[in-house]
Amino acid sequence: MATVELRFSAQPEHVRTARLVAAAVARRAGLEEAVLDEVRLAVGEACSRAVGLHRSNGLTAPVRVVLTEEEKSFSIEVGDEVPGPAGGSAESVPGIAAVLDPDADEEDEMGLAVISGLVDDVSVTSGESGGTIRMSWPVAGAADLP
């Protein structure tokens, strides 16, 4: 299992770098070319969301992106340091609540909707140490493996 970890200051201009790194690592992991655009877009949305949460909460901690290549899958975790309620239920995550609450921030709602439309396997969790969006894709040829 190969892992690449990227940390960047919560500035919008660094989101593009995260997208480029994610696409390069995804290509090396064996994802099909057609999926690389989805990876770029999903990572861009997740990183933009994390940057927005950091900036709106006055945090100076970096946004973290962990890219993991496994035998049959490729996963990306985008984490923020914005504390949420303990327990980590989806309803407690800033942004997931936006999907359930029509008065919530439309930008956050749209970002999570885009991610869920691009990625079949996505989960969003939150806890006292921050939130994480985890996305994964099958690696090309993984279905052929025993």
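The rules behind these values
- Residues numbered from 1 in each chain as written.
- Predicted model: local features only at pLDDT ≥ 70, side-chain atom pairs only at ≥ 80, totals over all residues.
- Heavy atoms only, no water.
- Helix = DSSP H or I, 4+ residues; strand = E, 2+ residues; numbered from the N terminus.
- Buried < 20%, exposed > 50% of the residue type's maximum accessible area, 1.4 Å probe, protein only.
- Contact = heavy atoms within 4.5 Å.
- Expected span 1.5 Å × (residues − 1).
- Pairing = 2+ DSSP bridges.
- Axes fitted to C-alpha atoms, helices over the stretch in contact; angles between N-to-C directions.
- Left-handed = near helix turned anticlockwise from the far one by under 90°.
- Nonpolar A, V, L, I, M, F, W, Y, C, P; charged D, E, K, R; others polar.
- Salt bridge = Lys/Arg side-chain N within 4 Å of Asp/Glu carboxyl O.

Help me understand the overall build of the protein chain, please; the structure alone is not making it clear to me.
Each helix and strand in the protein chain was counted, giving four helices and five strands. For the protein chain, buried positions account for 42% of its 146 residues. For the protein chain, restricting intrachain contacts to residue pairs at least 6 apart in sequence, the fraction spanning at least 24 positions comes to 68%.

Before we go on, may I ask you to explain helix α1 (residues 15-29) in this structure?
Along an α-helix, residues three or four positions apart point the same way, because every turn accommodates 3.6 residues. With 15 residues, α1 should reach 21 Å at 1.5 Å per residue; the first-to-last C-alpha distance of 21 Å fits that figure. Among all positions in α1, only Val15, Ala18, Ala22, Ala23, Val25, Ala26 and Ala29 are buried. Those residues of α1 that are buried lie in contact with β1 (2-8), α2 (33-56), β2 (63-69) and β3 (73-79). Note on α1: the residue one or two positions beyond its end, glycine 30, has a positive phi of about 105 degrees.

Honestly, the pairing of strand β4 (residues 121-127) in this entry has me stumped. Any pointers?
Put simply, side chains in a regular strand alternate between the two faces of the sheet. Taken together, the seven bridges between β4 and strand β5 (residues 130-138) define a ladder with antiparallel strand orientation. In the sheet register, serine 126 faces β5, and the bridge partner there is glycine 131.

Help me out: how do you make sense of the side chain of threonine 132 in this one?
With respect to the element layout, threonine 132 can be found in strand β5. Setting aside anything within four residues of it in sequence, one finds threonine 132 in contact with Arg64, Glu77, Val78, Gly79, Ser123, Val124 and Thr125.

What's the story with the pairing of β5 in this structure? I'm lost.
With seven of its nine residues buried, β5 lies for the most part within the structure. Hairpin connection between β4 and β5: a loop of two residues separates the two successive antiparallel strands.

Sorry, what's going on with the packing of α1 against α2 here?
The description of two helices packed together rests on the angle between their axes and the distance between the axes. Contact geometry for α1 and α2: axes closest at 8 Å, N-to-C directions at 145 degrees. The way α1 lies across α2 gives a crossing that is right-handed. On α2, the residues touching Val15, Ala18, Arg19, Ala22, Ala23, Ala26 and Arg27 of α1 are Glu33, Leu36, Val39, Arg40, Val43, Gly44, Cys47, Ser48 and Val51. Counted by class, the contact of α1 with α2 contains 10 nonpolar, two polar and four charged residues.

Would you take a moment to explain α2 for this structure?
The first and last C-alpha atoms of α2 sit 35 Å apart over 24 residues, in line with the 34 Å expected at 1.5 Å per residue. Glycine 58 sits one or two positions beyond α2 and adopts a positive phi of about 70 degrees.

Would you mind showing me how to read the pattern of salt bridges here?
Think of it this way: side chains of opposite charge can pair up when their charged atoms draw near. For the structure shown, the criterion picks out six salt bridges. With a shortest N-O distance of 4.0 Å, arginine 49 and aspartate 80 are connected by a salt bridge. Remark: aspartate 80 occurs in the loop between β3 and α3 (96-100) and arginine 49 occurs in helix α2; sequence separation between them is 31 residues. Among the residues examined, arginine 49 registers a relative accessible area of 10% and is labelled buried. Take aspartate 80: its relative accessible area is 5%, and that puts it in the buried class. Residue arginine 134 is joined to glutamate 77 by a salt bridge in which the shortest nitrogen-to-oxygen separation is 3.5 Å. Taken together, the positions of arginine 134 in strand β5 and glutamate 77 in strand β3 put the pair 57 residues apart, joining distant regions of the chain. The class of arginine 134 is partly exposed, set by a relative accessible area of 29%.

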